[in-house]
Amino acid sequence: MKHIQIEFKWAIIFLVALLAWTLLERTLGWHDEEIANHFWLTLLFMPFAVLMYVLEMREKRRRYYNKKISWKQAFFSGALLSLFIALLSPGAQYVIHNFITPEYFKNVIDYSVTNKLMTIKAANETFNITSYMWQAAFGSLFGGLVISAIAAIFMRRS
């Protein structure tokens, strides 16, 4: 259990940061008035996500591997972090869409249909809690694996 404690701690930190970021998005109007720009503005969270992976690997290197870590060890540590985030992210999506921004799906569906980006049927199939829970789980897993592979290159020490 001790060998996965750091990854689990950082998964919790990551999800708290995600909830805070979502609250910021809502406060700045990105879920209603500025919903047209929501997709690319959300990408501004990416540097913070990468930073959290780097900090997790750095802590793992320092506390668990005695300041020496191989690419493989760093990658597996990041992969485990990704797995924990993926497992916890549906719960985070539930909190986001039921408590932080419950009107988001209505707003994004209205925007997509009004601007003829999607039919009402396609928008309803795309923008719902079940779809977002699956997207969050798989997106965080696969995106986290990519971040882990790249960050591990820079975190290795002999």
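Residue positions are counted from 1 within each chain, in the order its sequence is given. In keeping with the model being predicted, local features are shown solely for residues with a pLDDT of at least 70 and side-chain atom pairs are shown and tallied solely at 80 or more, while totals for entire chains, interfaces and linings include all residues. Values reported for side chains reflect all heavy atoms of the structure, with hydrogen atoms and water molecules removed beforehand.

Peer 1: Would you mind showing me how to read the overall build of the protein here?
Peer 2: Numbered from the N terminus, helices here are DSSP runs of H or I no shorter than four residues, and strands are runs of E no shorter than two. Of regular secondary structure, the protein possesses seven helices and zero strands. In sequence order, the secondary structure elements of the protein are arranged as α-α-α-α-α-α-α. In terms of principal-axis extent, the alpha carbons of the protein reach across some 55 × 25 × 25 Å. Whether a residue is buried, partly exposed or exposed follows from its accessible area with a 1.4 Å probe, protein chains only, as a fraction of its type maximum: under 20%, in between, or over 50%, in that order. With 158 residues in all, the protein has 39% of them scored as buried. Restricting to contacts in the protein with at least 6 residues of sequence separation, those with at least 24 account for 74%. All accessible-area figures derive from a Shrake-Rupley calculation using a 1.4 Å probe, and residue coverage is judged against the displayed protein chains alone. Put simply, the protein shows about 9300 Å² of open surface, and 69% of that area lies on carbon and sulfur atoms. Working rule for contacts: check all heavy atoms of both residues, and any pair within 4.5 Å makes them a contact.

Peer 1: What should I look at first to understand the pattern of salt bridges in this one?
Peer 2: Salt bridges are defined as contacts in which a side-chain nitrogen from Lys or Arg sits within 4 Å of a carboxyl oxygen from Asp or Glu. Across all of its chains, the model carries six salt bridges by this definition. One salt bridge connects Arg26 with Glu103, and the closest N-O pair in it is separated by 3.2 Å. Here the residue Arg26 occupies a position in helix H1 (residues 5–27), and Glu103 occupies one in the loop between helix H4 (71–100) and helix H5 (104–114), the gap between them amounting to 77 residues. You can call Arg26 partly exposed: its relative accessible area is 36%. By relative accessible area, which is 22% here, Glu103 ends up partly exposed. Salt-bridge contacts for Lys121 lead to Glu125; the nearest nitrogen and oxygen are separated by 3.8 Å. On the criterion of helical spacing, the pair formed by Lys121 and Glu125 is a turn pair, its members being four residues apart in helix H6 (residues 120–126). Glu125 matches Lys121 in its accessibility class, with the two residues each being exposed.

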